[in-house]
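One letter stands for each residue in the lines below.
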Amino acid sequence: MLKLFNSPQNGESDLSFETLSVDLLGIIKGLCYHRKCNLVMDVFEWVWNRKDFEVLLNGSIVAVVISLLGKEGRVSAAASLLHHLRKDGFALDVYSYTSLITSFASNGRYREAVNVFKEMDEEGCEPTLITYNVILIVYGKMGMPWNKIMVLFERMKNLGVAPDAYTYNTLIACCGRGSLHEEAKWLFEEMKSAGFSPDKVTYNALLDVYEKSRRPKEAMDVLWEMEINGFSPSIVTYNSLISAYARDGLLDEALALKTQMVGKGIKPYVFTFTTLLSGFEKAGKDEAAMRVFDEMRDAGCKPNICTYNALIKMHGNRGKFTEMVKVFEDVKKSGCTPDIVTWNTLLAVFGQNGVDKEVSGVFKEMKRAGFVAERDTFNTLISAYSRCGSFEQAMVVYKRMVDVSVTPDLSTYNAVLAALACGGLWEQSEKVFAEMKDGQCKPNVLTCSSLLHACANGKAIEQLDALGEAIYSGAIETHAVLLKTLGLVYSKSDLLMETERAFLELRRKGSCPNITTLNAMVSIYGRRQMIAKANEIMDFMSHNGFTPTLTTYNSLMYMYSRSGNFEKSEKILRDVLARGIKPDVISYNTVIYAYCRNGQMKEASWVFTEMTESGIVPDVITCNTFIASYAADAMFVEAIDVVRYIIKHGCKPNRSTYNSIVDWYRKLGRRDEAIMFVSNLRKLDPHVPQDEESRLTERILKK
């Protein structure tokens, strides 16, 4: 190479600078082929340090070097190289910029890829078709709003850059994140109108959109068209189809597709099994999920991090934290590394179980592990804090997300709506819904589900009924998810006929209820003491392979605690413990209430002791149950001792606490003692509200 460059350049040599550049490009390409990255950089820097480097180096050489650095994961070095070249006066061309954009994109550094694209634009360097295709992929990965993706697509066409089949395939894939099945179908038709024949990638991308949009029928239509046009379905095709059915709770159909796939000689792999496992987990069929896991291992298919994430979610959602932690330990033993989804799953599980301290702890641990919060993490945190009842903290996370320039997407809006729904803030929910549409962020079934929850939690029954009728009439698509949600929110609102209507409509449409829907039915029947009906649902669950959750058992305990067979509530508690499920404060409160209501204070005290020894902290409801029972039996000393207990343990008494005591004094004709109790109340509870004594005095003096 030295001989090549040291040849005379005064006209005696046949070698021109152009020939030297071509030879240099060939040398660098050869070294790149053999992945000799350090040697490539030595050659490049040697040429760069020559006085005539501007003549020898060109955009093609720079692009090849940057691409190599990107493939080696040395993206920062690639960016630094481009920066110094420009500083030295080298004119960067579109190929250099495109290579750096591609390097950032392939290493998951999407924001930096977009920044380079903007920088390129500011320099007046016109992007090529390849540049646009890469940026469209980046936009899809970032979950950019659909209107921004379309602005870029239209700009590209207006500048005379004609899209190719790859462009259309990329755009169809972009539709997956927002479940934009109508937009994907439009692109599919435009692609054919533009003279491009869909290929296997196109069909699989369209299948993926229908899978994420929970539209299995349309997915099957794509399979049919695909086979008609001579494309044999691949493992990717079947995985998308299986996922479409599994996500919609149609698990028998998903299993039938797996059987069909095997019959065609396509061997299931880890994604196939994990998809089925997740489907059974979401449906509440834990035993079936574990059978899939066992089949997977028997087939010699090694679980990956996605499999472990699904198992963590399953055990966590059931309150089986010991098993969940064991799976987390198995991740490390298996050689897998927890990914961002693992951490997000842990955040979601603890959020769902209302453990806000654990949510904060996991988030700190996640950051210590080197993970930077991206949109999905912010979305998960918003949901987790809202489930813990920490609505203000959820909104702090949302504001933080906006402050660090993470663009809200459909999932973000749905997380915010879910947070508003928890607080019953239906009017604010409607404003966010309007904001979504103004920002051209298309709502989906989860958006409508949150609106239903917001109306139910906000006691806006008129608005809830209006949404319900829109769903039944088809004005809002009558999706199985929305029918399940209707059953749940009407059950929470204690509207029996409306709950049963939603359940029957779901069955009429051939959709299988999930565990949440069935729990809603058990709950409303239990509250109404409709024991036979509740048992019918339990039989249905048993015959169809559903695994009862703690919510199921809590509803049954509630039902029996108010019945003549109140002892059965404790039998159910024992069954919960025997199944390895950790009871919560609601479980223990329900059994304590059953005994207190029937005057069996000794048994109630035993359950209370067991509760505290198991690490469950009694709440004000626990204590109010004891106080009301002691007061009803004229055991006021014991009732006041309980008040002292809860104050000592950091639990704040509420109005019901003191109402029980003064009401029973009055009912038992001991009004003077009631007045004495109120006059000494501040000694008992120094933090009692200022107006509490006057409120209670008025209550005592009422006839």
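Refer to the structure presented above.
Computed from a predicted model, the values in this text were never measured in an experiment. (Residues numbered from 1 in each chain as written. Predicted model: local features only at pLDDT ≥ 70, side-chain atom pairs only at ≥ 80, totals over all residues. Heavy atoms only, no water.)

Caption draft 1: Geometry of helix α7 (residues 94-106). With 13 residues, α7 ought to run about 18 Å at 1.5 Å a step, and its terminal C-alpha atoms sit 18 Å apart, in line with that. Of all the 13 residues making up α7, 10 are buried; the element is thus mostly covered by neighbouring parts of the structure. You can read the cap of α7 off the contacts: a side-chain oxygen lies 3.2 Å from the backbone nitrogen of Tyr95, and it is on Asp93. Just downstream of α7, Gly108 is the residue with a positive phi angle, here 75 degrees. (Helix = DSSP H or I, 4+ residues; strand = E, 2+ residues; numbered from the N terminus. Expected span 1.5 Å × (residues − 1). Buried < 20%, exposed > 50% of the residue type's maximum accessible area, 1.4 Å probe, protein only. Polar contact = N/O pair within 3.5 Å; in protein donor to acceptor, adjacent residues only side chain to side chain.)

Caption draft 2: Spatial organisation of the packing of aromatic side chains. Counted under the stated rule, the structure contains 13 aromatic pairs. Each ring, one from Phe328 and one from Trp343, has its centre 5.9 Å from the other, and the planes form 70 degrees; the classification is edge-to-face. Of the two residues, Phe328 sits in helix α20 (residues 321-333) while Trp343 sits in helix α21 (residues 340-352), which places them 15 residues apart along the sequence. Using a relative accessible area of 6% as the deciding quantity, one classes Trp343 as buried. An angle of 90 degrees between the planes, with centres 6.1 Å apart, marks the rings of Phe566 and Tyr595 as edge-to-face. A residue pair is termed long-range when its members are at least 10 positions apart, and Phe566 in the loop between α33 (550-561) and α34 (568-578) and Tyr595 in helix α35 (residues 585-597) qualify at 29 residues. (Phe/Tyr/Trp six-rings, centres within 6.5 Å; stacked < 30°, edge-to-face > 60°.)

Caption draft 3: Here's a closer look at unusual backbone geometry. In the Ramachandran plot, Arg214 falls in the positive-phi region, its phi being about 55 degrees despite a non-glycine side chain. Examined against the element boundaries, Arg214 turns out to sit in the loop between α13 (200-212) and α14 (216-228). Not every positive phi belongs to a glycine, and Ala634 is a case in point at roughly 60 degrees. Take Ala634: it is sitting in the loop between α37 (620-632) and α38 (636-648). On the basis of relative accessibility, which here comes to 34%, the residue Ala634 falls in the partly exposed class.

Caption draft 4: Quick look at the nonpolar core. Membership of the largest hydrophobic core comes to 185 residues, with the highest contact counts inside it found for Ile149, Phe626 and Phe677. Every residue in contact with Phe626, bar those within four places of it in the chain, is listed here: Ile592, Cys596, Met601, Ala604, Ser605, Phe608 and Val642. In this structure, Trp426, Cys455, Ala456 and Ile471 belong to the second largest nonpolar core, which totals 21 residues. (Core = buried A, V, L, I, M, F, W, Y, C linked by side-chain atoms within 4.5 Å. Contact = heavy atoms within 4.5 Å.)

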